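Survey of secondary and tertiary structure
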Amino acid sequence: MYLLIPAAGSGKRMGADRNKLLIDLAGETIFAWTLKAAQASPSIAWIGIMCQPIDRPDFEAIAQGLHLTKPVVFIQGGDTRQASVYNGLQALPPEADRVLIHDGARCLATPELFDRCTAELATCPGLIAAIPVKDTIKQVDANQIVSNTPDRATLWAAQTPQGFEVAALKSCHDRGLTEQWEVTDDAALFERCGLPVKIVMGEETNLKVTTPQDLAIAEFILRQRQP
Ligand SMILES: Nc1ccn([C@@H]2O[C@H](COP(=O)(O)OP(=O)(O)OP(=O)(O)O)[C@@H](O)[C@H]2O)c(=O)n1
Ligand SMILES: C[C@](O)(CO)[C@H](O)COP(=O)(O)O
């Protein structure tokens, strides 16, 4: 399976002075933990990393230090996650017919999750890892008044990996560009184009390291995993 890792963000919500993927987390960078999971997943055969030029030397050094056995390609990132994935899709080898996309910031995803998504992607054109929401979710209007309480049984929190047929996702991204859709994940483009997106059970621990609080929680989870 081909894997694209969007890693071209800046980490504004982390409040760091550099890409948050370069922050230390339990002795490794966030980026290194993500790469290690991809390396340990038998189903992943090729890794493309979308990053900003300023971060590339650091990312290359980290990847080199991990002695990865899989081909790793660095790709110019874009101004948004959507643009970074667009660039990643253009850089896939022509023989790539399916692809997994996994946020560099979701550094706690297990190799087993990658493998489950890979296996499932043989059976459908699009999928996302997701978990059922535990909270009661309120929809709120512009005046901060609750307008609706959707049935929780229908609500799932989207994660990555997200996997797709390459040709279909490329045309969804092209349409997104033409129609100026702005989305926060690739599944949203698939959905807007009327294509089905299947759910694969995600992982409670597969959080996206977004804020300093997430960093502390991620550190706790990683320490628990260490023998
Ligand atoms: N222009 C961008 C923006 C984000 N990402 C990547 O998309 C993933 C999810 O984005 P997020 O967690 O929001 O990262 P940042 O954009 O870095 O964070 P923030 O929104 O707080 O600035 C991250 O792995 C991030 O590096 C990307 O490849 N290109
Ligand atoms: C793709 C994603 O990780 C799914 O949960 C998420 O949508 C990334 O979006 P963010 O707005 O950058 O948090």
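Since the structure is predicted, the reported quantities are computational estimates derived from the model, not experimental observations.

1. Remarks on the pairing of strand β1 (residues 2-6)
Of all five residues in β1, five are buried, a share of seventy percent or more. The side-chain alternation of β1 yields two buried faces, one formed by Tyr2, Leu4 and Pro6 and the other by Leu3 and Ile5. Pairing geometry for β1 and strand β4 (residues 46-51), over five bridges, is parallel. The residue of β4 that forms the bridge with leucine 4 is glycine 48. When β1 meets strand β6 (residues 98-101), the two strands line up parallel, connected through three bridges. Looking across to β6, one finds that tyrosine 2 is bridged to valine 99.

2. Quick word on the state of the cysteines
Scanning the model with the defined rule gives zero disulfides in all. In this structure cysteine 117 is not part of a disulfide, and its nearest cysteine sulfur, from cysteine 124, lies 9.4 Å away. Judged by relative accessible area, cysteine 117 falls into the buried class, the value being 0%. We note that cysteine 172 lacks a disulfide partner, and the nearest cysteine sulfur, in cysteine 193, lies 3.7 Å from it. For cysteine 172, a relative accessible area of 1% corresponds to the buried category.

3. Let's talk about the packing of aromatic side chains
Summed over the entire model, instances satisfying the criterion amount to three aromatic pairs. Geometrically, the ring pair formed by tyrosine 2 and tryptophan 46 is tilted, given 5.6 Å between the ring centres and 55° between the ring planes. Taken together, the residues tyrosine 2 in strand β1 and tryptophan 46 in strand β4 connect sequence positions 44 residues apart. Judged on exposure class, the residue tyrosine 2 and its partner tryptophan 46 are both buried. Measuring from centroid to centroid gives 4.8 Å for phenylalanine 164 and phenylalanine 190, while their planes differ by 55°, and the two rings are tilted. A residue pair is termed long-range when its members are at least 10 positions apart, and phenylalanine 164 in strand β10 (residues 156-165) and phenylalanine 190 in helix α6 (residues 186-192) qualify at 26 residues. In this pair, the class of phenylalanine 164 matches that of phenylalanine 190, namely buried.

4. Describing the side chain of threonine 34
Relative to the helices and strands, threonine 34 resides in helix α1 (residues 30-40). When sequence neighbours within four positions are dropped, the list of residues in contact with threonine 34 reads Ile5, His102, Asp103, Gly104, Arg106 and Cys107.

5. Section: the UniProt feature "site: Transition state stabilizer" (unreviewed entry) in the protein chain
Feature annotation in UniProt places "site: Transition state stabilizer" (unreviewed entry) on Arg13 and Lys20, given in this structure's numbering. Take arginine 13: it is sitting in the loop between β1 and β2 (24-25). Assessed through its relative accessible area of 60%, arginine 13 is described here as exposed. Filtering out sequence-adjacent residues up to four positions away, arginine 13 remains in contact with Lys208, Thr210, Thr211 and Pro212. Examined against the element boundaries, lysine 20 turns out to sit in the loop between β1 and β2.

6. Some remarks on the UniProt feature "site: Positions MEP for the nucleophilic attack" (unreviewed entry) in the protein chain
Summarizing the sequence annotation, UniProt attributes the feature "site: Positions MEP for the nucleophilic attack" (unreviewed entry) to Arg152 and Lys208 in the numbering used throughout. Residues in contact with arginine 152, not counting those within four places in the same chain, are Val133, Lys134, Asp135 and Thr136. Side-chain polar atoms of arginine 152 contact the backbone oxygen of lysine 134, separated by 3.0 Å. Its location among the elements puts lysine 208 in the loop between β11 (198-201) and α7 (212-225).

7. Quick look at the side chain of asparagine 206
For asparagine 206, the location among the structural elements is in the loop between β11 and α7. Residues within four places of asparagine 206 in sequence aside, it is in contact with His102, Arg106, Ala109, Leu113, Gln159 and Thr160.

8. A short note on the nonpolar core
In terms of nonpolar packing, the biggest core is built from 45 residues, with Leu25, Ile30, Leu35, Ile49, Phe59, Leu100 and Val209 touching the most fellow members. Top contributing element to this core by residue count: α1, with seven residues. Among residues more than four places away in sequence, those in contact with phenylalanine 59 are Ala7, Asn19, Leu21, Leu22, Phe31, Cys51 and Phe74. By size, the runner-up hydrophobic cluster in this structure holds 24 residues, among which are Trp46, Ala96, Phe164 and Ala188.

Scoring rules and cut-offs
Residues numbered from 1 in each chain as written. Chains lettered and ligands numbered in written order. Predicted model: local features only at pLDDT ≥ 70, side-chain atom pairs only at ≥ 80, totals over all residues. Heavy atoms only, no water. Buried < 20%, exposed > 50% of the residue type's maximum accessible area, 1.4 Å probe, protein only. Helix = DSSP H or I, 4+ residues; strand = E, 2+ residues; numbered from the N terminus. Pairing = 2+ DSSP bridges. Disulfide = S-S within 2.5 Å. Phe/Tyr/Trp six-rings, centres within 6.5 Å; stacked < 30°, edge-to-face > 60°. Contact = heavy atoms within 4.5 Å. UniProt positions renumbered as here; feature names shortened; annotations may be inferred. Polar contact = N/O pair within 3.5 Å; in protein donor to acceptor, adjacent residues only side chain to side chain. Core = buried A, V, L, I, M, F, W, Y, C linked by side-chain atoms within 4.5 Å.

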